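One letter stands for each residue in the lines below.
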Amino acid sequence: MGLLVLACVSLFVTSSVAVDRGNFKTCDQSAFCKRQRALKAGQSPYRALLETLELSDSRVTLQLINDNNKVRLLLELYRLQGNMTRVKINELKPLKPRFEVPDVLVSDPPTEPLSLVSQDDNGVVLSLGAARQQRLIVSARPFRLDIVEGPEVLMSLNSRGLLAFEHLRVRKDTQANPEGTETKENVDGAEEPVEVKEAAEEGAKDEDVDGMWEETFKSHTDSKPNGPTSISLDFSLPGVEHVYGIPEHADNLKLKTTDGGEPYRLYNLDVFQYELYNPMALYGAVPVMLAHNAVRTMGLFWLNAAETWVDISSNTAGKTVFGKMLDYVQGASETPQTDVRWISESGIIDVFIMLGPTPSDVFAQYASLTGTQSFPPIAALAYHQCRWNYNDQEDVQAVDKGFDEHDIPYDFIWLDIEHTDGKRYFTWDPHKFPTPKDMLQSIQDKRRKMVAIVDPHIKVDSGYKIHNEIRNQNFYIKNKDGGDYEGWCWPGSAGYPDFTKVEMRDWWASMFAYDQYEGSMDNLYTWNDMNEPSVFNGPEVTMHKDAKHGDWEHRDVHNLYGFYVQMATADGLIRRSGGVERPFVLTRAFFAGSQRYGAVWTGDNAAEWDHLKISIPMCLSLGLVGISLCGADVGGFFKTPSTELLVRWYQTGAYQPFFRAHAHLDTPRREPWLFGPENTALIREAVRQRYTLLPYWYQQFYLAHTTGQPVMRPLWVEYPKDTATFNMDDQFLIGKDLLVHPVTEEGARGVTAYLPGHGEVWYDAHTFQKHNGAQSLYIPVTMSSIPVFQRGGSIIPRKLRVRRSSSCMESDPYTLYVALSPQRTAEGELYIDDGHTFNFNTKKEFVHRSLTFANNVLSSRNLCPECRFSSPAWIEKVVILGSSNPRKVNLKMDGKETALEFEFDASVSVLTVRKPGMSAGADWMLQLL
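Attention now moves to the packing of helix α15 (residues 677–692) against helix α16 (residues 694–707). Contact geometry for α15 and α16: axes closest at 5 Å, N-to-C directions at 55 degrees. As judged from the angle between their axes, α15 and α16 are oblique. Residue-level contacts link Arg690, Tyr691 and Thr692 of α15 to Leu694, Pro695 and Trp697 of α16. In the contact of α15 with α16, the residues fall into four nonpolar, one polar and one charged.

This is the structure we're talking about:
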């Protein structure tokens with residue numbers, strides 16, 4: 001058996017150097033997608049039964065009927081606080097309950113009253129709030145929903161007639177024996193066998209469609225005991241040409257139309273060295289789409305965890321700029337419109353319509369539903385060093401020492417699966433890692449940390465405590481016949497814990513306690529990989545859809561699995577500290593709401609230039625749907641990067657939220673000092689730039705945690721009327737004040753960066769040269785160049801004393817970079833706390849200052865007077881960009897006025913005030929005279 005396991009895993013590793021597209025379904029190979037996509041736009045068979053309308057303070061209910069099969073649905077409409085509308089559609093009386101996604105919403109969304117404006121035989125008009133003149137129009141025949149604001153249609157549902165709801169039914173060959181058949185009262189009040197009216201009337205023709213009751217893909221058969229259960233709904237967006245989101249896909253930021261091609265697929269899968277620029281499913285799925293034009297931003301959140309496909313079409317797709325100009329000249333009156341169709345295999349229709357109207361509003365609306373990005377320890381925003389695998393404790397010690405010898409800071413060193421005892425998670429290899437606490441202590445002595453992998457597939461081994469406890473408590477997912485589901489993964493034969501069970505999650509969390517996870521310490525954090533879940537011998541390298549999670553099939557919950565694994569792991573790290581310490585957990589699989597539990601990375605990429613480029617739109621897409629702590633494996637996981645590519649990747653990764661180098665087992669070692677002194681120096685400088693900016697990164701994550709705004713964001717988020725930014729995904733903003741255009745082309749001698757903002761200015765963050773906004777700027781580059789610009793009108797804190805880890809810098813002083821606007825003003829913030837506990841939230845222990853420059857005065861004001869936190873950090877330097885040369889500079893603090901030393905560089909108009917000496921948490925004024 002051992003040789004068989006080795007052979008299986010070896011085949012898996014060696015064959016993973018290129019994706020085998022034949023392992024993964026197309027829409028035509030997914031029976032429900034093929035059936036749904038065969039329906040063409042036209043007259044909808046659904047009709048609203050207006051006589052069933054019921055209106056309460058919080059919702060409207062209305063029955064719909066399919067005139068083809070007479071099956072009734074229940075429509076529920078909710079007006080939610082914060083300019084959102086919720087639309088739910090379910091069977092009126094299903095044979096059995098249909099799955100509704102739990103645990104993703106942070107609470108039951110608060111509602112606002114809906115009021116009836118008018119009603120006649122054709123439909124109903126409901127008010128969504130007088131302040132915005134918004135109305136929800138329900139048309140009866142055919143059924144259609146329109147959301148309007150004043151005279152403008154914002155969005156239409158079922159306007160193309162693609163609502164399709166496959167109701168639960170009894171299989172045709174079981175109808176002959178009605179014994180034990182469920183009966184229920186029909187809509188007219190009489191009781192009748194369910195199958196007589198609903199299933200039998202479906203018609204024999206539909207029953208014979210391939211894949212309704214059984215489906216085979218390659219050698220795997222899906223038994224489909226509930227038959228066809230898929231759902232679909234279309235949305236039309238007048239005036240919209242740009243839609244974004246629905247990660248994870250290795251594609252451009254702006255979503256493409258899918259006419260004549262494959263829909264975008266949302267189905268968490270373990271895809272090795274994935275292909276770029278296509279809509280194939282990857283490791284995570286967030287069913288959220290943003291629609292944007294120059295006057296409004298809106299969002300759609302399709303709350304469904306089953307396999308989902310998304311079709312996008314546009315009436316302007318394929319038109320060139322010239323073609324659009326010609327339409328305008330010729331007086332063509334067609335309004336741009338994007339149509340989106342969502343198709344899911346099971347569950348119900350539950351969609352949240354976020355009406356903005358600004359990008360910031362949409363982010364806040366979505367955050368109110370699913371929560372904000374967890375606030376990471378500051379060390380998690382520093383540099384991480386990883387590979388599959390560091391060989392043993394001596395190897396870890398040597399790598400740690402190498403960073404010190406080459407003066408490169410790092411905060412986390414990572415251990416992959418080989419650190420365990422035979423791929424048994426929560427254990428250590430007794431020969432390679434015999435004394436893990438000694439290893440962790442030696443790292444902690446340097447104020448550094450470690451991450452160890454804990455995957456959710458559990459080795460089937462009667463001598464393994466974790467396996468025995470899960471089996472004894474009946475916590476494993478079951479196969480369709482009721483036995484424990486087993487599949488192949490890194491340990492060989494493995495069981496898969498049912499993380500949908502709260503009892504299982506609670507038990508899993510308890511395993512991270514220091515007395516349970518032997519060898520662990522408080523500087524050991526966790527990485528959840530393979531949690532799609534990955535099943536090497538399963539259909540599409542994942543779990544069979546007819547596996548059982550209690551009453552539900554795996555098909556219903558699939559995209560939630562990784563979400564639950566990360567949830568339970570983060571809970572475990574919090575619990576082990578008694579609720580004091582913030583966790584850090586990296587996950588590969590994710591869903592809506594995963595932002596509450598930690599970080600995400602873009603999976604098994606490759607050491608290729610295009611993979612470096614795609615890391616930008618992939619992380620931008622994740623940020624738009626709430627997941628800000630995103631990064632890509634620096635250097636590429638598969639293959640071996642050239643030194644030029646490796647350096648450029650470090651320079652790019654240093655300006656992305658999660659900054660980790662990682663590499664495959666079979667690649668040559670690539671610690672930063674192995675490529676010659678010149679390249680070591682270039683990598684060192686990139687990493688050091690990251691560390692100097694940690695105060696700004698940390699502040700941005702505090703804002704993301706408290707407001708839901710993304711950290712790494714597309715330019716259109718801050719410049720929503722600038723159409724030039726709508727397609728851009730080779731440059732980005734960090735917060736609103738730093739613009740980054742990484743060098744991602746091989747052999748590049750220059751890049752062209754777009755600096756947005758009419759009447760604004762931008763300053764080169766390295767040379768301080770000033771440039772006007774609303775222009776494309778050509779920037780000559782060398783191998784040391786990282787084009788970064790600070791927005792005029794901003795104040796950014798940095799720490800210039802870079803040490804071996806972020807923890808070593810916590811008491812170090814700040815330098816404030818004040819970039820003046822054309823109006824000679826600037827503003828920013830300074831946020832400080834202990835960097836690792838929840839005391840910022842539970843005890844209000846933090847410093848939060850407003851920094852403003854106006855009328856030649858720079859001042860610091862307390863944004864949280866009730867907060868109590870003492871920091872020894874102070875302001876050691878103030879650098880004012882775009883300044884004039886003052887006669888003198890005075891500091892006013894504690895009722896005293898002191899003259900300060902300064903120098904002025906007239907060549908770039910930069911004023912530097914040295915050693916002003918004020919406490920970072922104090923009130924003060926610095927005056928230029």
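Read on, since the account is not over.
With that settled, the discussion passes to the sheet that holds strand β30 (residues 524–528). Taken together, the nine strands give an open sheet; going across it, the order is β35-β34-β33-β30-β26-β25-β24-β37-β36, and neighbouring strands pair in parallel fashion. Among the strands making up the open sheet, the edge pair consists of β35 (630–631) and β36 (633–634).

Taken as a whole and assessed by the stated rule, the structure comprises 57 salt bridges. Asp461 is paired through a salt bridge with Arg424; the nearest N and O atoms lie 2.8 Å apart. Separated by 37 residues along the polypeptide, Asp461 in the loop between β27 (458–459) and α9 (465–472) and Arg424 in the loop between β25 (412–415) and α8 (436–444) bring together distant segments of the chain. Each of the two residues, Asp461 as well as Arg424, counts as buried. Linking Glu903 and Arg914 is a salt bridge whose minimum nitrogen-to-oxygen distance equals 3.2 Å.

Another aspect to go through is the packing of aromatic side chains. In total, this model carries 45 aromatic pairs according to the counting rule given. Plain terms: the ring middles of Phe426 and Phe512 are 5.0 Å apart, the flat faces sit at 65 degrees to each other, and that makes the pair edge-to-face. Of the two residues, Phe426 sits in the loop between β25 and α8 while Phe512 sits in the loop between α10 (502–510) and β30, which places them 86 residues apart along the sequence. Of the two residues examined, Phe426 and Phe512, each falls in the buried class. Summarising the aromatic geometry, the rings of Phe584 and Phe658 are spaced 6.0 Å apart at their centres and angled 40 degrees between planes, so their arrangement reads as tilted. Within this pair, whereas Phe584 is found in the loop between α12 (561–576) and β33 (585–587), its partner Phe658 is found in the loop between α14 (643–653) and β37 (659–661), the two being separated by 74 residues in sequence. Look at Phe584 and you get buried, because its relative accessible area is 2%. Through a chain of ring-to-ring contacts, the aromatic side chains of Phe426, Trp428, Phe433, Phe499, Trp508, Phe512, Tyr517 and Tyr561 assemble into a single cluster. Above the face of the Tyr78 ring, Arg86 is positioned so that its terminal group lies 6.0 Å from the ring centre.

So, about the side chain of Arg596. Looking at where Arg596 falls in the secondary structure, it is placed in the loop between β33 and β34 (599–601). Buried charge Arg596 goes without a salt bridge, the closest partner of opposite sign being Asp103 at 6.9 Å. Of note is the side chain of Arg596, whose polar atom sits 3.1 Å from the side chain of Tyr597.

In this model, Pro247 is joined to Glu248 through a cis peptide bond whose omega is 25 degrees. A cis geometry characterises the amide bond from Trp388 onward to Asn389, with omega recorded as 10 degrees. Checked against the element boundaries, Asn389 lands in the loop between β24 (383–385) and α7 (393–405). Positive phi outside glycine occurs at Asn158, with the angle close to 65 degrees. Among the structural elements, Asn158 can be located in the loop between β10 (152–157) and β11 (164–165). Overall, Asn158 belongs to the buried group, its relative accessible area being 3%. Here the phi dihedral of Asp407 falls at roughly 55 degrees; this positive angle occurs in a residue that is not glycine. Structurally, Asp407 can be placed in the loop between α7 and β25. Here Asp407 falls in the partly exposed class, since its relative accessible area comes to 46%.

A few words now on the sheet that holds strand β42 (residues 761–764). If you trace the six strands from one edge of the open sheet to the other, you get β38-β39-β40-β45-β42-β43, paired in antiparallel fashion. What marks the edges here is a single partner per strand, and that holds for β38 (712–713) and β43 (770–772).

Thresholds applied
Each chain has its residues counted from 1, running along the sequence as written. For a predicted model such as this one, the threshold for reporting local features is a pLDDT of at least 70, and the threshold for listing and counting side-chain atom pairs is 80 or more; totals across whole chains, interfaces and linings nevertheless cover every residue. As a rule here, side-chain values cover all heavy atoms of the structure and leave hydrogens and water aside. Think of each axis as a best-fit line through the C-alpha atoms, taken over the contacting stretch in the case of a helix, with angles from 0 to 180 degrees between the N-to-C directions. Runs of H or I in DSSP of at least four residues are treated as helices and runs of E of at least two as strands, each being numbered from the N terminus. Just so you know how the angles are binned, under 35 degrees is roughly parallel, over 145 roughly antiparallel, 65 to 115 roughly perpendicular, and the rest oblique. Throughout, a contact is declared for two residues whenever any of their heavy atoms are within 4.5 Å. Amino acid classes used here: Ala, Val, Leu, Ile, Met, Phe, Trp, Tyr, Cys and Pro are nonpolar; Asp, Glu, Lys and Arg are charged; the rest, including Gly, are polar. Any two strands with at least two DSSP-identified bridges between them are counted as paired. Within this document, salt bridges are pairs made up of a side-chain nitrogen of Lys or Arg and a carboxyl oxygen of Asp or Glu, the two lying within 4 Å of each other. Here's how the labels work: a residue is buried when its accessible area is under 20% of the maximum for its type, exposed when over 50%, partly exposed in between, all with a 1.4 Å probe on protein chains only. Put simply, two rings from Phe, Tyr or Trp (the six-membered ring, in Trp's case) pair if the centres are within 6.5 Å, and we call them stacked under 30 degrees between planes, edge-to-face over 60, tilted for the rest. Our definition puts a charge over a ring when NZ of Lys or CZ of Arg is within 6 Å of the ring centre and also within 35 degrees of the ring normal. Charged residues are defined here as Lys and Arg on the positive side and Asp and Glu on the negative side; His and the ends of the chain fall outside this count. Polar contacts, as used here, are pairs of N or O atoms within 3.5 Å; protein pairs need one atom able to donate a hydrogen and one able to accept it. Residues neighboring in sequence count only if both atoms are side-chain atoms.

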